[in-house]
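Chain residues, written in single-letter form:
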Amino acid sequence: MKRWADRLIVAGLAAFGLAAIVGTVRHFGGIVALGGAAPAAGGAAAAGAGFWLIWRMSRLPARFVVPAAMLIAFGLRAVWIATVPTAPVSDFRTMAEAARAVAGGDVGPLRSEYFQLWTYQVPFVLGEAALFRLFGPDLAVLKWANAVVLALLPAVGYALGRSAAGGGRSFGAGQTRRAGGAPAGPPADGTAEAGAPEPGSRDGGVDAPEVGRTDPGPRHGAVGAAAAGGTDPGLRHSAVGAAGAGATEAEPRDGAAEAEAAETAGKLAALLLAVYPSTVMMASVLTNQHLAALLAYGGLFVWGRALRRLSGGKGGRALMLTGAAGALLAAGDLVRPIGIVFVSAAVTGALLFAGERPRLSGKEGRARFGFFGRLGLALGLVAVFFAGRTAVSVVLVTTGVTDRPLGNHEPLWKFVAGLNRETIGHFSRADYEAVMGLPAGEARSAFERALIAERLRAPGLGAFFMEKAAYLWGFPDQAPIWSGWAPPKPVLAAALAFERVLFLLAALGLAAFGRLRRPEIGPKAAVLALFLLGYAAAHLVIEIQVRYRYDALPALLALGAVGWTKRRRK
């Protein structure tokens, strides 16, 4: 990987961590004011103790930890769903009601103004309708589907964390090998699957749900992440592929240490995803974020496998995996329209690492594919992604399910809301009425463009972006609001403090990447870092809600796990 890219990524991670720390410190007083200092301190201490326990558990064998993480994930969410009677609000209610109608054979709701503006919501509604047809129209069906999806997420987290730390069979890196060519550790594998939707308003500093609001989603607003491949700089001085004469005694031990560290990072990521409070409390919320995250991160993992196959000289298998990755990313985008961020990440990463010096594959004399091979795979990924989306859209229009192609037919609205300084980039009722009060078409678009340009030209844009980032990544979690959970205030304060400290511990793990003797983050961790930074950068200009940070949690927790593993080995 190019040194300048390493430095940019490390600097970006430092800026992200700083925003999270500043925002948390700035808003932590609200948690104390809500329930008192003692409950807040207790929640923070519990998070520290929980992290220590998770760290100790991550030393156990993966064959025990990963299934245990999945069982813990399902059990916690099952208890939550059974005990917290969450009623859908806002877009969640709109979509659930439409799904019930579609399950009964009535597609009329899909032609309402809401679905005409934001037709990208239609595929998820059809998925909910399919579950209603199979298991009945009870909303509990969708909640239990969430629990199943969230039980699978730790397996994906394990695969991502393990590969990002330098082990496994993903993101274009060869396995760490002992002298003699034997793999130092077993390969990791992981996949993806299922979730529901949006809005919220900001009232007195809290973006609580607001009925009737819409959330177009950051479909086209974020570009800038990467799916990596190539040689991991962190393994250049260890026993990567070491075999034969010249291998020193230290090399096998270094290779084994790398493999063990990778295993630990993967297990730590899996356990963090299993117990993270936001994902537990949102299990009863009919949001599309659960399924979209599983599909999209699973797509990144498969894409990494494709790059590895290509670098090993297996072009045919690489093409098949590329098709699978593109299909997963397209499916994730159909559920929640942020797939373009992941695809941009994959393409950027493949091309960024293509310039590295190729190494020999496992079979003597056969060189790995270089730049043009990766360029071809990247183009294939893009083709499959857009072809999948387009095909579904054409089918839905042709069959009369919807009158308009899938997409966001009010794309400028996200930027209008996101640049509103009075609401710190949250939904604004005044903006909404001013924009939607105009007839659809050029008149409305011209008004939106003028408003966006005016807000971009206003003084203090940089300070606004910093304030907005600190809010998004540092404000107390909104999951209790969305789930309708209203415990005594001391209990709520403890829960909010627990989440904030766990988030900060993950963010602090990012600091390890900047402490390396050389600023080389490595291609496997870079893909997640670039996605995280691209996603964060996009939300500087588009509408935010605190729950939008959910989409970046798997990347953050996996990177944090890698960072803490690096810190331990120093």
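This text goes with the structure placed above it.
Below you will find a few notes about this structure. (Residues numbered from 1 in each chain as written. Predicted model: local features only at pLDDT ≥ 70, side-chain atom pairs only at ≥ 80, totals over all residues. Heavy atoms only, no water.)

**Quick look at the overall build of the chain**
Let me state the cut-off plainly: Under the scheme used here, helices are H or I runs from DSSP no shorter than 4 residues and strands are E runs no shorter than 2 residues, and both carry numbers assigned from the N terminus. For every residue, the accessible area obtained with a 1.4 Å probe (protein chains only) is divided by the maximum for its type, and the residue is called buried under 20%, exposed over 50%, and partly exposed between those limits. Note on definitions: a residue-residue contact is assigned when non-hydrogen atoms from the two residues lie within 4.5 Å. The Shrake-Rupley method, run with a 1.4 Å probe, gives the accessible areas here. Residue values count only the displayed protein chains as cover.
The helix and strand inventory of the chain stands at 22 helices and 0 strands. The buried share of the chain, reckoned over its 570 residues, is 59%. Counting only contacts in the chain whose residues sit at least 6 apart along the sequence, the fraction spanning at least 24 positions is 84%. Of the roughly 20900 Å² of accessible surface on the chain, a fraction of 65% belongs to carbon and sulfur atoms.

**Quick notes on helix H3 (residues 62-83)**
The line we're drawing: Multiplying one less than the number of residues by 1.5 Å gives the expected span of a helix.
The terminal C-alpha atoms of H3, which comprises 22 residues, lie 31 Å apart, in line with the 32 Å expected from a rise of 1.5 Å per residue. All buried positions along H3 are accounted for by Ala62, Val65, Val66, Ala68, Ala69, Ala73, Arg77, Ala78, Trp80 and Ile81.

**Some points on the nonpolar core**
Burial of nonpolar side chains together is a common tendency in soluble globular proteins. Selection criterion: As used here, the term nonpolar core means buried Ala, Val, Leu, Ile, Met, Phe, Trp, Tyr and Cys residues forming a set that is joined through side-chain atoms within 4.5 Å.
Core analysis: the largest hydrophobic core is formed by 154 residues, its most contacted members being Leu13, Phe16, Tyr297, Trp303, Trp473, Phe513 and Leu528. Among the elements that take part in this core, helix H10 (residues 289-311) stands out by supplying 14 residues, more than any other. When sequence neighbours within four positions are dropped, the list of residues in contact with tryptophan 473 reads Phe16, Ala20, Thr24, Arg500, Phe503, Tyr535, Ala536, Arg549 and Ala552. If you look at the next biggest cluster of nonpolar residues, it comprises 6 residues, including Ile31, Ala40, Ala493 and Leu496.

**Observations regarding a nonpolar patch on the surface**
Put simply, the rule is: Residues with no salt bridge and a relative accessible area higher than 30% make up the patches, which join like charges within 9 Å and nonpolar side chains (Val, Leu, Ile, Met, Phe, Trp, Tyr) within 5 Å. A pair is scored as a salt bridge if a Lys or Arg side-chain nitrogen falls within 4 Å of a carboxyl oxygen belonging to Asp or Glu.
Together, Ile21, Val25 and Leu508 make up an exposed nonpolar region whose accessible area comes to about 250 Å². The residue leucine 508 is located in helix H19 (residues 489-509) in this model. For leucine 508, a relative accessible area of 38% corresponds to the partly exposed category.

**Focus on the packing of aromatic side chains**
Here is the rule: For Phe, Tyr and Trp, rings pair up if their centres lie within 6.5 Å, where Trp contributes its six-membered ring, and each pair is then called stacked (planes under 30 degrees apart), edge-to-face (over 60) or tilted (otherwise).
Applying the stated rule across the entire model yields 17 aromatic pairs. For the pair tyrosine 297 and phenylalanine 342, a centre-to-centre distance of 5.3 Å together with 85 degrees between the ring planes defines the contact as edge-to-face. Here phenylalanine 342 lies in helix H12 (residues 339-353) and tyrosine 297 lies in helix H10, a separation of 45 residues in the sequence. Both residues of the pair, tyrosine 297 and phenylalanine 342, count as buried. Centre to centre, the rings of phenylalanine 464 and phenylalanine 465 are 5.9 Å apart; their planes meet at 40 degrees, and the pair counts as tilted. Neither phenylalanine 464 nor phenylalanine 465 differs from the other in exposure class; each is buried.

**So, the pattern of salt bridges**
Scanning the model with the defined rule gives 11 salt bridges in all. A salt bridge links arginine 59 to glutamate 260; the nearest nitrogen and oxygen atoms lie 3.2 Å apart. In this pair, arginine 59 is assigned in the loop between helix H2 (37-57) and H3 and glutamate 260 in helix H8 (residues 250-275), connecting sequence segments 201 residues apart. Residue class for arginine 59 comes out partly exposed when judged on its relative accessible area of 29%. Among the residues examined, glutamate 260 registers a relative accessible area of 46% and is labelled partly exposed. Across the pair glutamate 263 and arginine 162 runs a salt bridge whose closest N-O atoms are separated by 2.3 Å. Of this pair, glutamate 263 sits in helix H8 while arginine 162 sits in helix H7 (residues 140-164), and the two are 101 residues apart along the sequence. Look at arginine 162 and you get buried, because its relative accessible area is 2%. Connected through shared salt-bridge partners, Glu499, Arg500 and Arg549 make up one network.

**A look at H7**
Between its first and last C-alpha, H7 extends 36 Å over 25 residues, near the 36 Å set by a 1.5 Å rise per residue. The element H7 is largely enclosed, with a buried count of 21 among its 25 residues. Among the residues trailing H7, glycine 166 stands out with phi positive, at a value near 115 degrees.

Just distances and angles here, no functional claims.
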